[in-house]
Amino acid sequence: MNNIKGNDLLAIGYQQGKILGLALEVLEKHYQESERETLLSLMKDVLQQPEAFLDHEILEDLATKMIEEAKEIQSAIILNDTAGEFSVYGADHIDAGAIRQMDTAMKLPVTVGGALMPDAHQGYGLPIGGVLATKNAVIPYGVGVDIGCRMALSIFDISEQHFIENQDIYMRELIEHTRFGAGHGYQGKHRTEHAVLDRAEFNMTQFIKQLKDKAYSQLGTSGGGNHFVEWGIIEFAEDDQPLNIPKGKYLALLSHSGSRGMGATIAGYYTRLAKELCKLPKEAANLAYLDMNSEAGQEYWLAMNLAGDYASACHEVIHHKLANAIGGKLLAKVENHHNFAWKETWNGEEVIVHRKGATPAGKGVMGIIPGSMTAPGFLVRGKGEEHAINSASHGAGRQMSRTAAIQNITSLEMKAILKANDVTLIGAGLDEAPMAYKDINIVMDAQKDLVDVVAKFSPRIVRMADDGSKED
């Protein structure tokens, strides 16, 4: 019995990992009767000169794996030694995990700038609420899984009083014209036609082409998790000339959702491809990027923009159906998206700006920042703050994970807070309880330099997925 253990191989230069495990398997299977010292000498020779054993009857596979691993290590992209500086807004309420993730993102060789919004929390790769500017490179996980997730707001010339007196009608129409969650879509005559489905990009690859039928069926639907469609009252404290809306209270429809199963599938496919082409150290693996001059980079860019336009079309269908159902004149419609990448000029150069859970807030750009199902949301106008890379938060941000919310919040507590805020809820799970979110007022206070508040939106009838966070 050779009795060689992992520590013995570590002592002669092997590292923890697959190669160590494979070496131990070879020793146990083929060298049980060999002398210990002879074997240790042999294993050291294989480690130092694996190419000399490529024709060895027993050790060929081990030697080949060693050479392949060495090539992978040599081809790995090296991060910068130090993280570039980035602006943080509302730092007192941002978890350490999000800061660490942003530090890693700022070490990428393609990074030229970054910022962290006050609703930030830890995610995959780039933190939620992270903004990252890169040079000629796009990061699929810097965009996120739900490509083009967005907010859409329609404001009607319908009074608060009319809504109060007819809430049952508004609830009925909301239920009739919305669908939520994994696998839910429309079939046959219930499907909606839209120009986005005729886009040439659907034929650019076989992979994208096969997503079209699902996209067709899910057009006009909403996702799971924190996605919603809700009626509420929006209040303008003073006249807003750019929107041409006088001071007062109005009925409004607010929706939040993204590119459904199509976007999630695109994100997964190109993230895997990026990881194959861009080998980063383990701590940065989810930040794998695609060169914009490469075929893969151009493919993803076109697919991402298609998914973003598809997400916009979903909101358009929902708002059109509900506007037709209730009547009333549309005074204004505002839409903004996050989980996206844009070509923008920043600090005098063209960069790719990733906003993963962050709202575009360039000078004069309109946006919507929601709170929770019981907390107010805000219609805002961007100030174009360069240090924030022309961005703002995309909501209140979670302060409690979904698992923690389910474990710590009771149904009675959730019903009580809904009643206290005069909100009717259809669907949703405890993971979306208002208490799981940060205080939107604290978040807004932390970004006074980023946006001006134009109006305040108060939710009244909220619809979300019946199966909680489950998604395609």
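What you see is a predicted model; the values in this text were computed from it and never measured.

Chemist: How would you explain the pairing of strand 3 (residues 128-134) if you had to name every residue and give the values?
Modeler: Counting buried positions along strand 3 yields 6 of 7 residues, so the element is predominantly enclosed. Of the strand pairs in this sheet, strand 2 (residues 111-121) and strand 3 are connected by 6 bridges, and their pairing is antiparallel. Looking at strand 3, one finds that T111 is bridged to T134. Here strand 2 folds back onto strand 3 in antiparallel fashion, the turn holding 6 residues, of which G125 has a positive phi close to 75°.

Chemist: Got a sec to walk through unusual backbone geometry? Specific residues and values, please.
Modeler: Positioned with a positive phi, N339 is a non-glycine residue whose angle comes to about 55°. Mapped onto the fold, N339 is located in the loop between strand 9 (330-337) and strand 10 (340-346). Its relative accessible area of 12% is what places N339 among the buried residues. Backbone geometry at N390 places phi at a positive 55°, although glycine is not the residue there. For N390, the position within the fold is in the loop between strand 14 (377-382) and strand 15 (391-393). Of the residues examined, N390 reaches a relative accessible area of 11% and is grouped as buried.

Chemist: Would you mind going over the sheet that holds strand 10 in detail, with residue names and values included?
Modeler: Pairing is mixed across the open sheet formed by 5 strands, whose spatial order is 1-2-3-11-10. Of all strands in the sheet, those with a lone pairing partner are strand 1 (87-88) and strand 10, marking the two edges. Examined bridge by bridge, strand 10 and strand 11 (residues 349-356) share 7 bridges and lie antiparallel to one another. Within strand 11, the position partnered with A341 by the bridge is H354.

Chemist: Can you explain the packing of aromatic side chains? Please cite residues and give values.
Modeler: If you walk through the whole model with that rule in mind, you get 10 aromatic pairs. For the pair Y124 and Y141, a centre-to-centre distance of 6.5 Å together with 40° between the ring planes defines the contact as tilted. Residue Y124 is found in the loop between strand 2 and strand 3, and its partner Y141 is found in helix 6 (residues 140-143); the two are separated by 17 residues along the sequence. Ring centres of F207 and Y270 lie 6.1 Å apart, and the angle between their planes is 75°; this geometry places the pair in the edge-to-face category. Taken as a pair, F207 in helix 9 (residues 206-209) and Y270 in helix 11 (residues 260-277) lie far apart in primary sequence, 63 residues in all.

Chemist: Got a sec to walk through the side chain of S393? Specific residues and values, please.
Modeler: Among the secondary structure elements, S393 is positioned in strand 15. Classification of S393 by relative accessible area gives buried; the value is 0%. Here G395 takes part through its backbone oxygen, which lies 3.1 Å from a polar atom of the side chain of S393. Excluding residues that lie within four positions of it along the chain, S393 makes contacts with M117, P118, D119, T359, I369, V443 and Q447.

Chemist: Summarise the pattern of salt bridges; cite the residues concerned and give the values.
Modeler: This model, assessed by the stated rule, comprises 17 salt bridges. As a salt-bridge pair, K65 and D61 come within 3.1 Å of each other at their nearest N and O atoms. Note that K65 and D61 are positioned in helix 4 (residues 60-75) at a spacing of 4 residues, about one turn of the helix. A relative accessible area of 35% means that K65 is categorised as partly exposed. Across the pair D431 and R402 runs a salt bridge whose closest N-O atoms are separated by 3.0 Å.

Calculation notes
- Residues numbered from 1 in each chain as written.
- Predicted model: local features only at pLDDT ≥ 70, side-chain atom pairs only at ≥ 80, totals over all residues.
- Heavy atoms only, no water.
- Buried < 20%, exposed > 50% of the residue type's maximum accessible area, 1.4 Å probe, protein only.
- Helix = DSSP H or I, 4+ residues; strand = E, 2+ residues; numbered from the N terminus.
- Pairing = 2+ DSSP bridges.
- Phe/Tyr/Trp six-rings, centres within 6.5 Å; stacked < 30°, edge-to-face > 60°.
- Polar contact = N/O pair within 3.5 Å; in protein donor to acceptor, adjacent residues only side chain to side chain.
- Contact = heavy atoms within 4.5 Å.
- Salt bridge = Lys/Arg side-chain N within 4 Å of Asp/Glu carboxyl O.

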